[in-house]
Amino acid sequence: SGADITEICQRACKNAIRENIERDIERERRQAENPDAMEDDVDEVPCISKAHFEEAMKFARRSVSDADIRKYQAFAQTLQQSRGFGTDFRFPDAPGGGGGAGGGAPGTGTAGFAGTQSAAAADDDDDLYS
């Protein structure tokens, strides 16, 4: 779920911050042991790496069960089939004009969003408020 992904991202971020703090402490310790040593004063901007996400995944928990996922998938498939949407959707070929087959909602004769003005004029007879 979205909450699960958020938790993984937050853990990865915290792992990166902890790693950066540990590096800073080690750098300060080396500086205290040998104050005359010149270290490269590199301003390292900490980055979240793949390793941080891999470590976060070790502690990841799922908040949605397999049974719930199957229910959601079945519901989404039923909804998609009942609406007839998503199987042949395409954006119009050219802006402002008709865009070929499969562009609009089934049975409307419009090509996506581009033909909505002409569709609105054709639907004036069905307008409930006029």
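Residues numbered from 1 in each chain as written. Predicted model: local features only at pLDDT ≥ 70, side-chain atom pairs only at ≥ 80, totals over all residues. Heavy atoms only, no water.

S.K.: Could you give an account of the overall build of the protein chain, with specific residues and numbers?
M.R.: The helix and strand inventory of the protein chain stands at four helices and zero strands. Reading the protein chain from its N terminus to its C terminus gives the helix and strand order α-α-α-α. Restricting to contacts in the protein chain with at least 6 residues of sequence separation, those with at least 24 account for 44%. Accessible surface, the protein chain as shown: approximately 10,800 Å² in total, 55% of it carbon and sulfur. (Helix = DSSP H or I, 4+ residues; strand = E, 2+ residues; numbered from the N terminus. Contact = heavy atoms within 4.5 Å. Areas by Shrake-Rupley, 256 points an atom, 1.4 Å probe, with all protein chains shown as cover.)

S.K.: So what's going on with the side chain of Asp 4? Residues and values would help.
M.R.: For Asp 4, the position within the fold is in helix 1 (residues 2–33). Arg 62 is the oppositely charged side chain nearest to the buried, salt-bridge-free Asp 4, at an N-O distance of 6.2 Å. Other than its neighbours up to four places away in sequence, Asp 4 contacts Arg 61, Arg 62, Ser 63 and Val 64. (Buried < 20%, exposed > 50% of the residue type's maximum accessible area, 1.4 Å probe, protein only. Lys, Arg positive; Asp, Glu negative; His and termini not counted. Salt bridge = Lys/Arg side-chain N within 4 Å of Asp/Glu carboxyl O.)

S.K.: Kindly report on the pattern of salt bridges, identifying the contributing residues and their values.
M.R.: Summed over all chains, the structure comprises 10 salt bridges. Two residues, Glu 7 and Arg 61, come together in a salt bridge whose shortest N-O distance is 3.5 Å. Taken as a pair, Glu 7 in helix 1 and Arg 61 in the loop between helix 2 (50–57) and helix 3 (66–83) lie far apart in primary sequence, 54 residues in all. Residue Glu 7 is classed as buried on the basis of its relative accessible area of 18%. The exposure class of Arg 61 is exposed, given its relative accessible area of 55%. Across the salt bridge formed by Glu 55 and Lys 58, the nearest N and O atoms sit 3.2 Å from each other. When its relative accessible area of 31% is taken as the criterion, Glu 55 is described as partly exposed.

S.K.: Could you give an account of the packing of helix 1 against helix 2, naming the residues involved and the relevant values?
M.R.: With their axes 8 Å apart at the nearest point, helix 1 and helix 2 run at an angle of 120° to one another. Regarding the angle of helix 1 to helix 2, the classification is oblique. In the crossing of helix 1 with helix 2, the sense of the turn from one axis to the other is right-handed. Judged by residue contacts, Ile 8, Cys 9, Arg 11, Ala 12, Asn 15, Ala 16 and Glu 19 of helix 1 engage His 52, Phe 53, Glu 55, Ala 56 and Met 57 from helix 2. (Axes fitted to C-alpha atoms, helices over the stretch in contact; angles between N-to-C directions. Parallel < 35°, antiparallel > 145°, perpendicular 65-115°, else oblique. Left-handed = near helix turned anticlockwise from the far one by under 90°.)

S.K.: Can you lay out a nonpolar patch on the surface for me, pointing to particular residues and giving the numbers?
M.R.: A cluster of nonpolar side chains, contributed by Ile 17, Ile 21 and Ile 25, occupies part of the molecular surface with about 280 Å² of accessible area. Its place among the elements puts Ile 17 in helix 1. (Patch = residues over 30% accessible without salt bridge, like charges linked within 9 Å, V, L, I, M, F, W, Y side chains within 5 Å.)

S.K.: Give a detailed account of the state of the cysteines, specifying residues and quantitative values.
M.R.: This structure, assessed with the given rule, holds zero disulfides. In this structure Cys 13 is not part of a disulfide, and its nearest cysteine sulfur, from Cys 9, lies 9.2 Å away. Since its relative accessible area comes to 30%, Cys 13 is described here as partly exposed. (Disulfide = S-S within 2.5 Å.)

S.K.: Lay out the confidence of the model for the protein chain with the relevant residues and their values.
M.R.: In low-pLDDT segments, the atomic positions of the prediction should not be examined closely. Of the residues in the protein chain, 62% reach a pLDDT of 70 or more, and the chain-wide mean stands at 75. Mean pLDDT across the elements of the protein chain ranges from a minimum in helix 4 (residues 116–122), with 50, to a maximum in helix 2, with 93. Scored below 50 in pLDDT, residues 99–117 shows 26 contacts in the model against residues more than four places distant or in partner chains. (pLDDT = per-residue confidence, 0-100.)

S.K.: Would you mind going over the environment of Ser 49 in detail, with residue names and values included?
M.R.: Mapped onto the elements of the fold, Ser 49 is located in the loop between helix 1 and helix 2. Spatially, the C-alpha atom of Ser 49 lies 7.7 Å from that of Ala 16, the residues being 33 residues apart in sequence.

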